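Spelled out, the chains give:
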Amino acid sequence: MMDESPSPLLFSSGTRDLTTPHSRPEDQAEEFFSLRPSSLREYIGQSETVETLEIAIAAAKKRGEPLEHVLLHGPPGLGKTTLAHIIAHEMGGRLTLTSGPALEKAGDLVGILTHLSEGDILFIDEIHRLPRMVEEFLYSAMEDFAIDFVFDKGVHARSHRFRLNRFVLVGATTRVGLLSAPLRDRFGLFRSLDFYEETDLVRIAARSADLLEIRLHPEGAQVLARRSRGTPRIVNRLLKRVRDYAQVRGDGHIYGKTVHEALALEGIDALGLTPLDRRYLRTIAEFYGGGPVGIEAIAATLQEESDTLVDVVEPYLLKTGLVVRTSAGRRLGAQAFSHLGSGLREVEGRK
Ligand code: ADE
């Protein structure tokens, strides 16, 4: 039975009507409606993932079957939710969005599953945070499109199988290692999304600028791409900050110089690092002599959640070699020390 607690359903829609009372605030933002690509053809970057999905979707359509369940793994902002929207659009199914932590009880999940129609897409974000009791209901739902209810206990126990419509689960996670093997093994398609190449981010910035009617010059797009930590969500967010700056302090056009000036105000340095990234690096450098140091010690010194550091801050620093993970903990890469010096001068020297 569902109780009075907030709905675990964060968003549910057809592929056209995207306004519902349950939609997430960030999904109501302008970029949700205009900047997300709605087809694989429009999608820039992640070419292997796009090709895998193109083949799987075309094959499923040919056979008249729903797509196999899809697991997407990677740091935040790389397009996991966007791909779920695209899958729904390409397969012609309705999309329901929820997340692991929002599904507190088995009833929350059952309520959603029993409302799915044939070919609908269920997107579960942060699927590694699904409570174990809820996860166990998902096994038979994914494998047999059925859920088993057990009534009574002991010798009186009876079970009843409830049939579901054949749906497609798209799971997203930043921590694939935390997924249990039974859950992981029930996904037919598994793709890891990696940080985007600078050239792809330039194209994404140009596309977004076009849609938002922003006058972004090639050099402006280049600088923006270089400072977006390989992440489309960041490129689009920074584009809007730079647009504001260009309209108020400039002539409305975005040149390389405009991006430099606007991002310095945001505290974003030449490598695209944020104030939190630099606090993280500086903590290892100054409190722990460059490391190695455990993540819990860094989190305690910074007074941040270690999950935030692992999911949001570390992936890009590890990718660029500014931080190295060893069995003894995190330590700074050689270029982190020189960057900290110059990065500090550039951003903090403004004061
Ligand atoms: N906007 C955000 N991510 C995108 C992508 N990968 N391709 C095109 N536009 C995008």
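Per chain, residues are indexed from 1 in the order of the written sequence. Local features in this predicted model are restricted to residues of pLDDT 70 or higher, and side-chain atom pairs are both shown and tallied only at a pLDDT of 80 or more, whereas totals for entire chains, interfaces and linings draw on every residue. Side-chain measures here rest on the full set of heavy atoms in the structure, leaving out hydrogens and waters.

A.B. asks: Now, about helix 5 (residues 106-113): what can you tell me, with residues and values included?
C.D. replies: Burial classification: accessible surface area is computed with a 1.4 Å probe over protein chains only, and a residue below 20% of its type maximum counts as buried, one above 50% as exposed, and the rest as partly exposed. Helix numbering and strand numbering both begin at the N terminus, where a helix is a DSSP run of H or I of at least 4 residues and a strand a DSSP run of E of at least 2. Summarising burial for helix 5: seven of the eight residues are buried, a large majority. Buried within helix 5 are the following residues: A106, D108, L109, V110, G111, I112 and L113. In this structure, the buried residues of helix 5 make contact with strand 3 (95-99), strand 4 (121-125), helix 6 (132-144) and strand 5 (146-151). The contact criterion used is simple: two residues touch if any of their non-hydrogen atoms lie within 4.5 Å.

A.B. asks: I'd like a rundown of the site of the ligand, residues and numbers included.
C.D. replies: Looking at the ligand, the residues that line it are L35, P37, E42, Y43, I44, Y196, I204, R207, P232 and N236. Within the backbone of I44, one N or O atom sits 2.8 Å away from a nitrogen atom of the ligand. For the purposes of these results, a polar contact is taken to be a pair of N or O atoms within 3.5 Å, where, inside protein, one atom must be able to donate a hydrogen and its partner to accept one; residues adjacent in sequence count only when each atom of the pair is a side-chain atom. R207 is positioned such that a nitrogen or oxygen atom in its side chain is 3.2 Å from a nitrogen atom of the ligand. All accessible areas in this document rest on Shrake-Rupley with a 1.4 Å probe, and a residue is counted as covered only by the protein chains that are shown. For the ligand, whose unbound accessible area comes to 260 Å², protein coverage reaches 95%. Mapped onto the shell around the ligand, the elements with two or more residues apiece are helix 8 (198-211) and helix 10 (232-249). Each residue is assigned to one class: nonpolar for Ala, Val, Leu, Ile, Met, Phe, Trp, Tyr, Cys and Pro, charged for Asp, Glu, Lys and Arg, and polar for all the others, Gly among them. For the shell around the ligand, the residue count by class is seven nonpolar, one polar and two charged. No fewer than three residues from each of domain 1 (12-192) and domain 2 (198-266) sit in the shell around the ligand. For this purpose, a residue is taken to be near a molecule or strand whenever a single non-hydrogen atom of the residue falls within 4 Å of it. Either an automatic procedure or a domain database provided the assignment from which the domain bounds are taken.

A.B. asks: Give a detailed account of the packing of aromatic side chains, specifying residues and quantitative values.
C.D. replies: A pair of aromatic rings is counted whenever rings of Phe, Tyr or Trp (Trp by its six-membered ring) have centres within 6.5 Å, and the orientation is called stacked for planes under 30 degrees apart, edge-to-face for over 60 and tilted otherwise. Applying the stated criterion across every chain yields a total of four aromatic pairs. Pairing F137 with F149 gives two aromatic rings, centres 6.3 Å apart and planes at 55 degrees, and the pair type is tilted. Of this pair, F137 sits in helix 6 while F149 sits in strand 5, and the two are 12 residues apart along the sequence. Judged by relative accessible area, F137 falls into the buried class, the value being 19%. Exposure remark for F149: the relative accessible area of 25% places this residue in the partly exposed category. On the basis of an interplanar angle of 75 degrees and a centroid distance of 5.4 Å, the ring pair of F195 and Y316 is categorised as edge-to-face. One end of the pair, F195, is in the loop between strand 8 (189-192) and helix 8; the other, Y316, is in helix 14 (residues 306-319), and 121 residues separate them in sequence. Both residues of the pair, F195 and Y316, belong to the buried class.

A.B. asks: Just give me the short version of the nonpolar core, but keep the residues and values in it.
C.D. replies: By convention a nonpolar core is built from buried Ala, Val, Leu, Ile, Met, Phe, Trp, Tyr and Cys residues, the set being connected through side-chain atoms within 4.5 Å. Residues L67, I87, V170, L224, Y280 and L281 are the most contacted members of the largest nonpolar core, which totals 74 residues. In terms of residue count, helix 10 provides more of this core than any other element does, seven residues in total. Contacts of L281, omitting those with residues within four sequence positions, involve L273, L317, L322, V323, L332 and L340. Formed by 26 residues, the second largest nonpolar core is a distinct cluster that contains I124, L138, Y139 and I147.

A.B. asks: Break down the pattern of salt bridges for me, citing the residues and quoting the values.
C.D. replies: A carboxyl oxygen of Asp or Glu within 4 Å of a side-chain nitrogen of Lys or Arg is what we treat as a salt bridge. Under the definition given, this model contains 22 salt bridges. In this structure, the salt-bridge partner of D120 is R94, at a minimum N-O distance of 3.2 Å. Remark: R94 occurs in the loop between helix 4 (80-91) and strand 3 and D120 occurs in the loop between helix 5 and strand 4; sequence separation between them is 26 residues. Relative accessible area serves as the criterion here: at 4%, D120 is assigned to the buried category. According to the relative accessible area criterion, R94 is partly exposed, its value standing at 36%. Across the pair D194 and K319 runs a salt bridge whose closest N-O atoms are separated by 3.5 Å. Pair noted here: D194 is in the loop between strand 8 and helix 8 and K319 is in helix 14, with a separation of 125 residues, a long-range link. Given a relative accessible area of 47%, K319 falls into the partly exposed group.

A.B. asks: Give a detailed account of the packing of helix 8 against helix 9 (residues 218-226), specifying residues and quantitative values.
C.D. replies: Two quantities define a packed helix pair, namely the angle between the helix axes and the distance between the axes. The axes are straight lines fitted to the C-alpha atoms, using for helices just the contacting stretch, and the angles between their N-to-C directions are given from 0 to 180°. Interaxial distance between helix 8 and helix 9 falls to 8 Å at its minimum, and their mutual angle equals 125 degrees. What the angle tells us is that helix 8 and helix 9 run oblique. The two elements helix 8 and helix 9 cross, and the hand of that crossing is right-handed. Within the contact between the two elements, helix 8 uses E198, L201, V202 and A205 and helix 9 uses A221, Q222, L224, A225 and R226. Small angles under 35 degrees read as roughly parallel and large ones over 145 as roughly antiparallel, with 65 to 115 read as roughly perpendicular and the rest as oblique. Should the near helix be turned anticlockwise from the far one by less than a right angle, the crossing is left-handed, and should it be turned clockwise, the crossing is right-handed.

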